[in-house]
Every structure is written in C-alpha cells, then in structure tokens.
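Structural description and commentary
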Amino acid sequence: MNQDRSWMYIRHSNGLLAEGFFDKVEEFVEFALRHPECKSGAKIKCPCSRRKCRNTNYRDPEDVKLHVLQSGFVEDYQVWVHHGEGTVLNPPPWALPSGNYDQFDYGNDEDGFDAVQRMVIDAAGPEMFTDEEPPNQEAQRFYDMMRSAEEEIWPGNNRHSPLSAATNILDIKCRHQGSVALIDDICSLMQELLPEENKMPANFAKIKKLVKGLGLPVEVIECCFYNCMLFWGEDEALTCCKVCGHERWKPVTKSNSSRKRKANVPYKKMFYFPITPRLQRLYASKATAGHMTWHAEHEMEDGKMCHPSDSPAWKRFSELHTDFADEPRNVRLGLCTDGFQPFGSFGSPYSSWPVIVTPYNLPPGMCMKDEFMFLTILVPGPRNPKNTMDIFLQPLIAELNQLWESGIRTFDIHKRQNFQMKAALMWTINDFPAYSMLSGWSTSGRLACPYCMEDTNAFTLTKSGKQSWFDCHRKFLPPGHRFRRNVTDFRKGKQEKNHFRRVKTGDELLAEVDHLGFRRAYEPHAEVINADLSKKCGWNRKSIFWDLPYWRTNVIRHNLDVMHIEKNVFDNVFNTRSYVLLNCAEIEPYRE
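Residues numbered from 1 in each chain as written. Predicted model: local features only at pLDDT ≥ 70, side-chain atom pairs only at ≥ 80, totals over all residues. Heavy atoms only, no water.

1. Topic: the overall build of the protein chain
In terms of regular secondary structure, the protein chain is built from 19 helices and 16 strands. Residue burial in the protein chain is summarised as follows: out of 592 residues, 43% are buried. Considering only residue pairs separated by 6 or more positions, the protein chain has 58% of its internal contacts joining residues 24 or more positions apart. If you sum the accessible surface of the protein chain, you get close to 32,500 Å²; carbon and sulfur atoms cover 53% of it. (Helix = DSSP H or I, 4+ residues; strand = E, 2+ residues; numbered from the N terminus. Buried < 20%, exposed > 50% of the residue type's maximum accessible area, 1.4 Å probe, protein only. Contact = heavy atoms within 4.5 Å. Areas by Shrake-Rupley, 256 points an atom, 1.4 Å probe, with all protein chains shown as cover.)

Structure (structure tokens):
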C-alpha cells in the first residue's frame, strides 16, 4: 500500500521493455496466487487494460503475464484490491457491521465490475454511503441491488447471480417475443434442475420484482383523446373529458371482452418520468457529484463565455434569488422539445413529442452528453399537440414548483452529507414552431417576430398574400450604422430611422397577458376564449410556465435553437424550390 508501484506504468524504455518490468509482473502474479479468496480455481483476474479484462475476467497466470506485457496495467491500480491486497472485496458491505460502509470502495470506472454490477452502479450510482450520516432509503435500495448482483445463484456457482439470471431471462423473452406463461414454465423447470438451495426467481412476477429496483419511476397518465385534459390530480377519478365529453376508456366489445381484461383501456395515455430521483442520483454517484458545483467554482477566462453560468441571465437570476444561489448544489435546468415521426416517412403520419430536461450545473464537456439529457415527458400522437402542449406539462410544472419551494432531501457523496436540494428552470430551447407551443406567442402571421411583437414592419406580398419580413430588422442596428443609410441593398429607396424600443420584461409580459384576459390551456373554456382573443394580438394563450414563481424574473425565458432552425430552413429551401423562387419574384419589386 505504501510501496512504490510507479513501475506498473513504465512498461517501455527507449522503445524496449523496461528493465525489470517482467520480473515485477511475475512478482505480481505470485502475490495474487497466494490469495485463494481472489482466485477461481487456478485462474486469477487479469488486470490488463484490455476492454474484456480490466479485473473482470479470470485467466491463467501465463495469459495474465502476456496480457500485461502487451497492454499494460489498467489505470490507477496501484493497490491490488482484486488480487488480495486490502479488505475491499472481503467482506461485502452487507456483511459488515451496521454503518461500516467505508470498507467497500467502488473506485472508478476501471475498477473491474462485471456487466451486471456495472449496470447496477450505472442505475443507482457508485458509493452512496458514509459513516458521517446514515444511509437514506434510496441508499439502502442501492445496497439491496448490489446484494443481488453479488450473491451466488447457488453455493459454488460464481458465474451468475440472481440479478444476472433475471436480466438474461428478460432479454431472452424480449428477443424471442416469449409469453409470460413460457417464462413461468422455464423458471419452473430450472427450479427442478438446480440444487435445492438456489436463489433463482421462481416465476416471471418475481423476476420483474427483482429487476424493478434498477429502473427509475415512470407515471402513466391517461388523457383525453382530443388532448383536452389529463385524468390526473383532482380529475383522476373522472370517466369522461370535462371539456369535450369524450369517454375516457374504450368500450367493451365482444372482441376485447376477454376474462383476462382486468382494467379499462384508455383511448390515449402519456408517460411522465419524474426528474427528482434522477437529480438525486447525480449526487449519489462519485462520477458526477463532484462536478455538480462546477458552475460556481470556475472562473471566466479572457471574458469569453464557455458555459451558461457566464451569461448575464444566469448572474441576474443569482442576484434576484440569493437564497437559491447561496447553495451551489441547487440544480439549474434547461428544457427542450420537438416533434418526430417514430414510424419514419413510410409509415402513417404520427407526431410524437418528447420533452427533455438538462441540468446545467455540470461542466460543458458533460452537460450536453446523452446520459445527462433526461427524457421527462413523452407526449403521444398521432396529432401535433400545438397549443395544448401545456396540458401535458402539468406534472412537470407541479414537480418543479415543489423542488423550488421545499426541495428534496438528497445525499451528496462528494461532501458526505445530506442537504436540501432545490431546482429551477432557467429557460427553454426549441425551434421557431415549438417556440409558440411553449411561450404562448404565435409564430405565424404578421406578428410572428417575438421581439418586434406589435411593432413589426412586416408586409403582405401582393400576389400570394403571404407575409414577408424582408428588411424588417435594420432598426436593431446601432445609430449611425452604414446599413441604415443603404438604399440599394435592402428595400429600394428606404432608409431606416426608427430604433428598437427595448425588450419587454417578464413582469410587463405577464401583466399584458393577464390584462388581455388569456387563460391557461387547462383552464375551463380556455380554448374558446383564447381563440377569440388571439384574433386581435399575437398571443394565443397564457403559458403554463408563468405558474413558476420565478419565471417572470428570468432575463431569458425562451431560446431559439439556431442550428435546428438552420436545418429547417435548408430542408424547406431545397424541398420547395418553386415556392422560394415565387417569393423572391414577389420581393424583387420592393427592391426596385
């Protein structure tokens, strides 16, 4: 432990094998062979850096020597815990005295767990406990999963655990589309073949119960066939839509009146994945807990923004909500959504809308990775939700309000303490059509520009009757800019003397929406009232995001995804060339 192990990572010298390296490798193998508790017969775990080894697979000592000579040792393995040095693997944590969890160290990603153990750690996060504070319920659940991943399925079998056997059976069921009865029969036969003292799940129900602990919670919420409402919260017990009167469940007919039908089948349902447990697991894992305060610890270099925390909007939010900003572990989130066709261009039209939430506490190299983009809502099709998107956002907004007001007790493995974690939604990111669905400002028609709003300079093309925004934004240029005086490259003979007033604040926008009388999409008679009011202005409803108490204080509430918009423009230009040429032909007279 205090020995110098630097030789392990000095394998080459002047292009040749370093002097004494082979002798040291032989000493390592002899050390491992002296510890029978770390062997499998005559084999030991191979510590080479190959992907299939890394202290996971048992190999013959001669093969281990060859692998190490060829590929070198796995990173950060100066303490030979997998070959008998220390007490990390023996005994396991659940066999230790109560509270003594620090003797079980999960290390880093190169520590050599098998596939099932790594799956458990990825699901729940490595090392969730400490002597300083007792484990919470989420932590105890993790230990239960690790126990299933480590236990032998019967005494003497070290190839499978109850958890690995259960996951393999589920994989077989999915790949071969097997029935539940088939899995029950297979499990029954395996019970007869295995020794009596086995821990193999006896049926499919027990397999699901064992594997269920790996997953994150999901709520299946039934909704109206026409997207009028959710049967959720106070309306959970209703049997028909309170807006349009459509039935909640499909009628029972001769074809579906089987005795096996135990529950009513809804016309439509959505899936909601709560974000609270996933945010908690960011602090439960050593791989992410230490990075969750990066936004507050880094310093902006040379005045260049490299992260949203360098922006004025982020800093202004911290100034207005000091209680929230004083705890750097509080989470700041971004939200995005877009529609896609899951059946491709060859299937029937079907528009499904996922809503994704991303934590911005992490450094730039992490916060945009797939594993940190949390699917939160899956809005079903086949129709585009359009102005009814707020209906499906209700569970998320309710959870965000709870995280803002009271927070949730969370264990931070990096600082080894519990704290009250809160969260805030900073902004949304979307393309231009989705901007209308989230903000409540219509992006079609003459008032489509969310900056100019009612002060737009858009004009109507005489032949097609379509709106054009050509040369409408020179007013954003600074006074005296040469483009303001240009009368040839923009609209013919026109100089721009007007100036953009200013961007309206959140308080002003909220007051305007309330003064006009717009309602939220889920309020009674909202569709009729909002449709009538939207004829006179650019608003089409009151966005559900105004329900967040801090939303009006945000400097930026809705961002436009430039790359996404560029792709949309490119697709439309090349797919509708004749339409583009028609518009260019109509704009040309205004330039002359």
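2. So, the sheet that holds strand β9 (residues 353–359)
Strands sit in the order β6-β7-β10-β9-β8-β13-β16 across an open sheet of seven strands; the sheet is mixed. Of all strands in the sheet, those bounded by a partner on one side alone are β6 (219–223) and β16 (558–560). The mean angle between the axes of side-by-side strands here comes to 25°, regardless of whether they run parallel or antiparallel. Note: β9 against strand β10 (residues 374–379), five bridges, orientation antiparallel. Of the residues in β10, the one forming a bridge with I356 is L375. In the packing of helix α14 (residues 389–405) onto the sheet, contacts are made with β6, β7 (268–272), β8 (331–337), β9, β10 and β13 (423–430), and the angle to β10 comes to roughly 145°. (Pairing = 2+ DSSP bridges. Axes fitted to C-alpha atoms, helices over the stretch in contact; angles between N-to-C directions.)

3. Comments concerning helix α16 (residues 506–516)
Residues of α16 that are buried: G506, L509, L510 and V513. Burial along α16 is one-sided: seen end-on, the buried residues are contained in an arc of 95°. Following α16 by one or two positions, G517 adopts a phi angle in the positive range, close to 95°. (Arc of directions from axis to C-beta.)

4. Re the pattern of salt bridges
This model, assessed by the stated rule, comprises 18 salt bridges. The salt bridge involving R552 is made with D507; its shortest N-O contact spans 2.8 Å. Of the two residues, R552 is situated in the loop between α17 (526–533) and β16 and D507 in helix α16; the sequence distance between them amounts to 45 residues. Its relative accessible area of 36% is what places R552 among the partly exposed residues. Between R520 and D547 there is a salt bridge whose closest N-O contact spans 2.5 Å. Residue R520 is found in the loop between α16 and α17, and its partner D547 is found in the loop between α17 and β16; the two are separated by 27 residues along the sequence. For D547, a relative accessible area of 22% translates into the label partly exposed. Within the structure, one salt-bridge network assembled from shared partners comprises E26, E62 and K65. (Salt bridge = Lys/Arg side-chain N within 4 Å of Asp/Glu carboxyl O.)

5. Some points on the packing of aromatic side chains
Counted under the stated rule, the structure contains 21 aromatic pairs. The interplanar angle of 85° and the centroid separation of 5.9 Å between the aromatic rings of F317 and F324 together place this pair among those described as edge-to-face. Grouping aromatic residues by their ring pairs yields a cluster made of W7, F21, F28, F31, F73 and W80. One residue, R5, lies across the ring of W80, its end atom 3.7 Å from the ring centre. (Phe/Tyr/Trp six-rings, centres within 6.5 Å; stacked < 30°, edge-to-face > 60°. Lys NZ or Arg CZ within 6 Å of the ring centre and 35° of its normal.)

6. So, the sheet that holds strand β5 (residues 58–59)
Strand pairing in a sheet relies on backbone hydrogen bonds, with the paired strands running either antiparallel or parallel. One open sheet accounts for three strands, arranged β3-β4-β5; its pairing is antiparallel. At either end of the open sheet lies a strand with only one pairing partner, and these are β3 (39–40) and β5. Where strand β4 (residues 43–45) lies against β5, two bridges are found, and the strand directions are antiparallel. Its bridge partner being in β5, K45 is matched across the sheet by Y58.

7. Focus: the nonpolar core
In terms of nonpolar packing, the biggest core is built from 63 residues, with L279, L333, L393, L396, L425 and F545 touching the most fellow members. By residue number, the principal contributor to this core is α14, which donates nine residues. Not counting residues up to four positions away in its chain, the partners in contact with L393 are V355, I377, L438, I544 and F545. Residues F31, C48, F73 and V74 belong to the second largest nonpolar core, which totals 20 residues. (Core = buried A, V, L, I, M, F, W, Y, C linked by side-chain atoms within 4.5 Å.)

8. As for the environment of D455
Take D455: it is sitting in the loop between α15 (432–439) and β14 (459–460). Residue D455 is classed as partly exposed on the basis of its relative accessible area of 37%. Separated by 46 residues in sequence, D455 and R501 place their C-alpha atoms 9.1 Å apart.

9. Concerning the pairing of β9
Note on strand geometry: in a regular strand, side chains alternate between the two faces of the sheet. Extensive coverage of β9 is indicated by the burial of six of its seven residues. Pairing geometry for β8 and β9, over five bridges, is antiparallel. Of the residues in β9, the one forming a bridge with L335 is V357.

10. Thoughts on unusual backbone geometry
In this model, G381 is joined to P382 through a cis peptide bond whose omega is 5°. With respect to the helices, strands and loops of the structure, P382 is situated in the loop between β10 and α14. You will see that N227, though not glycine, has its phi angle at about 65°, which is positive. Considering the arrangement of structural elements, one finds N227 in the loop between β6 and β7. If you check the backbone angles, R416 has positive phi at about 55° while not being a glycine. Assignment of secondary structure puts R416 in the loop between β11 (408–412) and β12 (417–421). Judged by its relative accessible area of 24%, R416 is partly exposed.

11. Overview of a nonpolar patch on the surface
Taken together, V569, F570, V573 and F574 make up a surface patch of nonpolar side chains, about 400 Å² in accessible area. Structurally, F570 is set in helix α18 (residues 562–575). On the basis of relative accessible area, F570 is assigned to the partly exposed category, the value being 49%. (Patch = residues over 30% accessible without salt bridge, like charges linked within 9 Å, V, L, I, M, F, W, Y side chains within 5 Å.)

12. Details of the environment of D547
When the C-alpha positions of D547 and N401 are compared, they lie 8.3 Å apart, and in sequence the two are 146 residues distant. Beyond its immediate chain neighbours, meaning those up to four positions away, D547 contacts I397, N401, R520 and Y522. A polar side-chain atom of D547 sits 2.6 Å from a polar atom in the side chain of Y522. (Polar contact = N/O pair within 3.5 Å; in protein donor to acceptor, adjacent residues only side chain to side chain.)

13. Digging into helix α2 (residues 61–71)
Taken as a whole, α2 has its buried residues at P61, V64, K65, H67 and V68. Axial view of α2: buried residues confined to an arc of 165°, hence all on one face. Taken together, the buried residues of α2 touch α1 (21–33), β4 and β5.

14. Points about the confidence of the model for the protein chain
Confidence along the protein chain averages 81 in pLDDT terms, with 83% of residues attaining 70 or more. Low confidence marks residues 124–131, where pLDDT is under 50. Its contacts with residues over four positions away, or in another chain, come to 44 contacts. Counting interchain partners and residues more than four positions distant, the pLDDT-below-50 stretch residues 577–592 has 23 contacts. (pLDDT = per-residue confidence, 0-100.)

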